[in-house]
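Observations on chain architecture
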Amino acid sequence: GENVEQHPSTLSVQEGDSAVIKCTYSDSASNYFPWYKQELGKRPQLIIDIRSNVGEKKDQRIAVTLNKTAKHFSLHITETQPEDSAVYFCAASITPGNTGKLIFGQGTTLQVKP
Amino acid sequence: SAVISQKPSRDICQRGTSLTIQCQVDSQVTMMFWYRQQPGQSLTLIATANQGSEATYESGFVIDKFPISRPNLTFSTLTVSNMSPEDSSIYLCSVEGSVATDTQYFGPGTRLTVL
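The sections below set out a description of the structure shown in this document. Here the residue numbering is sequential within each chain, running from 1 through the sequence in written order. Working convention: letters from A go to chains and numbers from 1 go to ligands, in the order in which they are written. For this predicted model, a pLDDT threshold of at least 70 governs which residues receive local features, and a threshold of 80 or more governs which side-chain atom pairs are given and counted, while totals over whole chains, interfaces and linings are taken from all residues. Calculation of side-chain values draws on the structure's entire complement of heavy atoms; hydrogens and water are dropped beforehand.

**A short note on unusual backbone geometry**
Note the following rule: Runs of E in the DSSP output that reach at least two residues are strands. Runs of H or I that reach at least four are helices, and both are numbered from the N terminus.
Of note, the bond from His 7 of chain A into Pro 8 of chain A is cis; its omega dihedral lies within 30 degrees of zero at -5 degrees. The residue Pro 8 of chain A is located in the loop between β1 (4-7) and β2 (10-14) in this model.

And the structure:
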C-alpha cells in the first residue's frame, strides 16, 4: 500500500524566512496531495492541495510543488509569521473512484521565531 | 466547507468500558471517515463509514473493537469497545464530497483518555 515519508520532523525558522517541508510517496497511482495545518489542540485544517495534472500551485504565501517522476512533493511557506507555527501534515490518495483514503506523513513541527 | 461537529469533545473512561462518538455534518456528504491520532503522532485511518452498509476497515482495525454506523449521509458513529489505556487518543471524523469530490475536512475531534 501507499507510504508517505515526511521531512524534517521539526523545523525552526526566523520570522520572515522561508520554510520548506518535503514528502515522498511510494504508490505511483496516487494523484491527490493535500497539506494540513494543525495547531495545538485543534483539528487539521486543509491549507492547500495539488493534483497530479499540475506541477505547482500557489496561494498567497503558500505554494506546493509536485514531481511525479521522483514521487515527491513539497510545501513552501514564504515570509513566515509566528502564526504559521503549527504541525504540518502532507498526505496522498488516489482519486476519483477510490475510497478516498488519505495516507498521512509523520508531520513537521514548524516553529517561527519572532 | 461543511460544518462538522463531534460529541463528546472529550471523555475519561475506565478500562473495559465502551464509548460511542458521534459525528454530525450540516449537509449531505459522499464519504465519511474515522481517524485516530495518538499523542504527538500523525493521523491513521481506522475505517471508511459506508452509508447503509458495513464499514471498510484498514489493516490493524477490526469491527469488534471499532464498530461503526452510518445510517444516513450526514451522521456516523464510532464506538471504541472494551477500552484499554492504549486506546487513549484523539478520534477524528472527516468528510469528503461537500465541496470537491476529493477534498476532506475534519471534525474537531474527541479526546479520549482511558484509565
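**Brief notes about the nonpolar core**
Heads up, the rule is: Take the buried residues of types Ala, Val, Leu, Ile, Met, Phe, Trp, Tyr and Cys, join any two whose side-chain atoms come within 4.5 Å, and each joined set is a nonpolar core. Think of it in three bands: with a 1.4 Å probe and only protein chains considered, a residue is buried below 20% of the maximum accessible area for its type, exposed above 50%, and partly exposed in between. Only heavy atoms enter the contact rule, under which two residues are in contact if any of them lie within 4.5 Å.
Judged by nonpolar contacts, the single largest core of 26 residues is most densely connected at Trp 34, Ile 46, Phe 66, Ile 68, Leu 78, Tyr 91 and Leu 112 of chain B. Looking at this core, the elements that each hand over two or more residues are β3 (19-25), β4 (31-37), β5 (43-49), β8 (75-80), β9 (89-96) and β11 (110-114) of chain B. Looking at which element gives the most residues to this core, the answer is β3 of chain B, with four residues. Residues in contact with Ile 68 of chain B, not counting those within four places in the same chain, are Trp 34, Ala 47, Ala 49, Ala 55, Tyr 57, Ser 76, Thr 77 and Leu 78 of chain B. Ranked by size, the runner-up nonpolar core spans 24 residues in total, among them Val 64, Leu 75, Ala 92 and Val 112 of chain A.

**Concerning the packing of aromatic side chains**
Where we set the bar: Pairs were defined over the aromatic rings of Phe, Tyr and Trp, the Trp ring being its six-membered one, requiring ring centres within 6.5 Å. Orientation was assigned from the angle between planes: stacked under 30 degrees, edge-to-face over 60, tilted for the rest.
Applying the stated criterion to the full structure yields 13 aromatic pairs over all chains. The interplanar angle of 55 degrees and the centroid separation of 6.1 Å between the aromatic rings of Tyr 25 of chain A and Phe 73 of chain A together place this pair among those described as tilted. Taken as a pair, Tyr 25 of chain A in strand β3 (residues 19-25) and Phe 73 of chain A in strand β8 (residues 72-77) lie far apart in primary sequence, 48 residues in all. Taking relative accessible area as the criterion, Tyr 25 of chain A reaches 5% and is therefore assigned buried. When the ring of Phe 104 of chain A is compared with that of Tyr 35 of chain B, the centres are 5.7 Å apart and the planes differ by 85 degrees; the resulting orientation is edge-to-face. A residue pair is termed interchain when its members come from two chains, as with Phe 104 of chain A in strand β10 (residues 103-104) and Tyr 35 of chain B in strand β4. Like Tyr 35 of chain B, Phe 104 of chain A is buried. Aromatic ring contacts, followed pair by pair, group Tyr 36, Phe 89 and Phe 104 of chain A together with Phe 33, Tyr 35 and Phe 106 of chain B into a single cluster.

**Considering the state of the cysteines**
What is meant by a disulfide is a covalent connection between two cysteines, made through their sulfur atoms. Using the following cut-off: Cysteine sulfur atoms are paired as a disulfide whenever they fall within 2.5 Å.
One pass over the structure, following the stated rule, counts two disulfides over all chains. Note on cysteine connectivity: Cys 23 of chain A is disulfide-linked to Cys 90 of chain A, with sulfurs 1.9 Å apart. Between Cys 23 of chain A and Cys 90 of chain A the sulfur-sulfur dihedral comes to about -100 degrees; the bridge is accordingly left-handed. Of this pair, Cys 23 of chain A sits in strand β3 while Cys 90 of chain A sits in strand β9 (residues 86-92); the two residues are 67 residues apart in sequence, bridging distant segments of the chain. Cys 23 of chain A sits in the buried class, given a relative accessible area of 1%. Taking the relative accessible area as the measure of exposure, Cys 90 of chain A reaches 0% and is therefore buried. Disulfide pairing is shown between Cys 23 of chain B and Cys 93 of chain B; the S-S distance is 2.0 Å. Between Cys 23 of chain B and Cys 93 of chain B, the S-S torsion sits near 65 degrees, and that sign places the bridge as right-handed.

**Quick notes on the interface of chain B and chain A**
Using the following cut-off: Here the quantity called buried area is the total loss of accessible area, with a 1.4 Å probe, experienced by two parts when brought into contact, counted for both. Criterion for a salt bridge: a side-chain nitrogen of Lys or Arg within 4 Å of a carboxyl oxygen of Asp or Glu. For the purposes of these results, a polar contact is taken to be a pair of N or O atoms within 3.5 Å, where, inside protein, one atom must be able to donate a hydrogen and its partner to accept one; residues adjacent in sequence count only when each atom of the pair is a side-chain atom.
Contacts between the two partners involve 22 residues from chain B, matched on the other side by 18 residues from chain A. Overall, the association of chain B and chain A removes approximately 1600 Å² of surface from exposure, summing both partners, and the carbon and sulfur fraction of that is 52%. Broken down residue by residue, the surface that chain B buries against chain A is led by Leu 43, Asp 102 and Phe 106 of chain B, which jointly contribute 33%. Where chain B packs against chain A, one counts one salt bridge. For Glu 58 of chain B, the salt bridge goes to Lys 101 of chain A, with nearest N and O atoms at 3.3 Å. On inspection of chain B and its partner chain A, the count reaches five residue pairs in polar contact (both at pLDDT 80 or more). Those elements that provide at least two residues to the side of chain B that touches chain A are β4, β5, β9 and β10 (104-106) of chain B.

**Comments concerning the environment of Val 87 of chain A**
Residue and element names in this part refer to chain A. Within the fold, Val 87 resides in strand β9. Here Val 87 falls in the partly exposed class, since its relative accessible area comes to 24%. Each C-alpha atom, one on Val 87 and one on Trp 35, is 11 Å from the other, the two residues being 52 residues apart in sequence. In this view, Val 87 contacts Tyr 36, Lys 37, Gln 38, Gly 107, Thr 108 and Thr 109; residues no more than four positions away in its chain are not counted.

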